[in-house]
Amino acid sequence: MNAHQTHLLLHWYEANQRSLPWRHTSDPYHIWISEIMCQQTRVEAVKGYYARFLAALPTVEALAQVEDNKLLKLWEGLGYYSRARNLKKAAQMVMQEYDGQLPKTPEELRKLPGIGCYTAGAIASIAFGVAVPAVDGNVLRVLARLQADYADITLEKTKQNFAARLQPTIPSSKPGVFNQALMELGALVCLPNGAPLCPKCPLQESCLARQHALIAELPVKTAKKPRRLERKQLLILRHEDKLALRKRPDTGLLAGLWELPEVFELPVDYVHSSEDAGAAVHIFTHIEWHMTARKVVLKKTIALDNLVWVTQQQLAQDYALPSAFAGFREMMF
Ligand code: SF4
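Residues numbered from 1 in each chain as written. Predicted model: local features only at pLDDT ≥ 70, side-chain atom pairs only at ≥ 80, totals over all residues. Heavy atoms only, no water.

With that out of the way, let us pick up the site of the ligand. Every residue near the ligand is listed here: Arg145, Val189, Cys190, Pro196, Cys198, Cys201, Gln204, Cys207, Arg210 and Ile215. A per-class count over the shell around the ligand returns seven nonpolar, one polar and two charged. (Near = heavy atom within 4 Å. Nonpolar A, V, L, I, M, F, W, Y, C, P; charged D, E, K, R; others polar.)

Rendered as structure tokens:
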């Protein structure tokens, strides 16, 4: 990025940026939460979670002390739950080692769980005005096209390379605005899927991909491995006004969250009725769950170590059920 491009970009951002709740605050805690929530999640989906999370946990101290069940309930449906667990661990570190104040440098921020190179750069530049890059997928795409760079943007060394080249061009008077402007251009104009909106782009005159008709080829990304497919047969197990849930293991996918139990043998004399409850598919980053379910109403509860029986109200308030099971919600109660 040269000075002229930076000028055009900032001018465009001033006129076109979206009004997002976390753009109206300078509170580092709020900016941190928004950055973590926005990782791999659409901005529109984040808005409601962001408001609820900060209403329930308004300070780093409150986050450090929150019970896991409450934390996961606040995160329910947002996915990538390790983000929530890392937030709590990081908040505990901030309380113990930084007197409750987020550290200001990217180097110190990166020592906190869940904060990598991009997030450290985003928090340091937006919340503390440190002139460091924040290179996310949007920025990589814009820069690869702008400079007609064929480096594979899925590689860590490419990210580091782009960040190193961007570093000296960041305006020291407004690094946070500059980083957000570049990300916003990627999100709104230099689009990830489908054709970019080049006639609306403030950098169209100097974009090498546009000049040389290379847009369809850039950025270069190595193909991802195909997802592993897992089939699951689930039980929507009911007795009177209660539903049976099972807690997932404390490590691995959806760790510590609640789920519908998988099919197991039920004593015939317990079963009052049984019906097909449909099918659903849920796609994670590396795995696809192909699920079918049966709804079984029992005459009496079955006592098994790892099952809990909850009412609809308890489920709504206290039990975090991942969105993977959303397709069966209507059949639960
Ligand atoms: Fe992206 Fe088109 Fe702008 Fe180039 S001109 S940066 S391809 S939107």
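Still more ground to cover, so stick around.
This part takes up the packing of aromatic side chains. The way to describe two aromatic rings as a pair is by their centre distance and the angle between their planes. According to the stated counting rule, one finds six aromatic pairs in the structure shown. Note on Phe284 and Trp289: the rings are 5.0 Å apart at their centroids and 75 degrees apart in plane angle, and the pair reads as edge-to-face. No difference in accessibility class separates Phe284 from Trp289, as the two residues are buried. One Lys or Arg, Lys232, reaches over the ring of Trp289 and ends 4.5 Å from the middle of that ring. In this structure, Lys300 packs its charged tip against the face of Tyr270, placed 4.6 Å from the ring centre. (Phe/Tyr/Trp six-rings, centres within 6.5 Å; stacked < 30°, edge-to-face > 60°. Buried < 20%, exposed > 50% of the residue type's maximum accessible area, 1.4 Å probe, protein only. Lys NZ or Arg CZ within 6 Å of the ring centre and 35° of its normal.)

Our next topic: the pattern of salt bridges. Tallied over the full model, the rule gives 12 salt bridges. Taking the shortest distance from any N to any O, the salt bridge between Arg23 and Glu184 comes out at 3.0 Å. A residue pair is termed long-range when its members are at least 10 positions apart, and Arg23 in the loop between helix H1 (3-16) and helix H2 (28-38) and Glu184 in helix H11 (residues 175-188) qualify at 161 residues. One salt-bridge network, held together by shared partners, links Arg18, Arg23 and Glu184. (Salt bridge = Lys/Arg side-chain N within 4 Å of Asp/Glu carboxyl O. Helix = DSSP H or I, 4+ residues; strand = E, 2+ residues; numbered from the N terminus.)

Moving on: the domain arrangement of the protein chain. One widely used convention gives an interface's size as the accessible area the parts lose upon coming together. Domain boundaries in the protein chain define domain 1 (3-217) and domain 2 (228-332). For domain 1 versus domain 2, the separation of C-alpha centres amounts to 36 Å. Every contact between the two is made by eight residues of domain 1 and, on the other side, 17 residues of domain 2. Overall, the association of domain 1 and domain 2 removes approximately 870 Å² of surface from exposure, summing both partners, and the carbon and sulfur fraction of that is 48%. The interface formed by domain 1 and domain 2 contains one salt bridge. (Domains from an automatic or database assignment. Contact = heavy atoms within 4.5 Å. Buried area = accessible area lost by both parts, 1.4 Å probe.)

With 12 residues, helix H8 (residues 117-128) extends 16 Å from end C-alpha to end C-alpha; this agrees with the ideal 16 Å at 1.5 Å per step. With nine of 12 residues buried, H8 is to be regarded as a mostly interior element. Those residues of H8 that fall on the buried side of the exposure criterion are Tyr118, Thr119, Ala120, Gly121, Ala122, Ile123, Ala124, Ser125 and Ala127. Count one or two residues on from H8 and you reach Gly129, which has phi positive near 70 degrees. (Expected span 1.5 Å × (residues − 1).)

Further remarks concern H11. When the terminal C-alpha atoms of H11 are compared, their 20 Å separation across 14 residues agrees well with the 20 Å that a helix rising 1.5 Å per residue should span. Across the 14 residues of H11, 11 count as buried, placing the element largely inside the fold. Within H11 the residues assigned to the buried category are Pro175, Gly176, Phe178, Asn179, Gln180, Ala181, Leu182, Met183, Glu184, Leu185 and Gly186. Summarising the contacts, the buried residues of H11 are in contact with H1, H8, helix H9 (137-146) and helix H10 (156-166).

Our focus in this paragraph is the environment of Glu205. Tracing the chain through its elements places Glu205 in the loop between H11 and helix H12 (208-211). The class for Glu205 is exposed, based on a relative accessible area of 68%. C-alpha separation for the pair Glu205 and Ala120, spaced 85 residues apart in sequence, amounts to 32 Å.

Among the nonpolar cores identified, the biggest contains 64 residues, and Trp32, Phe53 and Leu63 are the most heavily contacted of them. Counting only domains with at least three residues in this core, you end up with domain 1 (3-217) and domain 2 (228-332). When neighbours within four sequence positions are excluded, Trp32 is seen to be in contact with Leu63, Leu87, Ala90, Ala91, Leu102, Ile115 and Ile123. Of all hydrophobic cores here, the second largest spans 35 residues; its members include Tyr13, Leu140, Leu166 and Ala209. (Core = buried A, V, L, I, M, F, W, Y, C linked by side-chain atoms within 4.5 Å.)

Here the focus is the packing of H1 against H11. Running from N to C, H1 and H11 cross one another at 70 degrees; their axes reach a closest spacing of 9 Å. In terms of axis orientation, H1 runs roughly perpendicular to H11. On H11, the residues that touch Thr6, Leu9, Leu10, Trp12, Tyr13 and Asn16 of H1 are Val177, Phe178, Gln180, Ala181, Leu182, Glu184, Leu185 and Leu188. Taken together, the residues of the contact of H1 with H11 break down into 10 nonpolar, three polar and one charged. (Axes fitted to C-alpha atoms, helices over the stretch in contact; angles between N-to-C directions. Parallel < 35°, antiparallel > 145°, perpendicular 65-115°, else oblique.)

Attention shifts here to the environment of Gln314. Its place among the elements puts Gln314 in helix H13 (residues 312-318). The class for Gln314 is partly exposed, based on a relative accessible area of 32%. In sequence terms Gln314 and Glu184 are 130 residues apart; their C-alpha atoms lie 40 Å from each other. Leaving out residues up to four positions away in the same chain, Gln314 has contacts with Trp309 and Tyr319.

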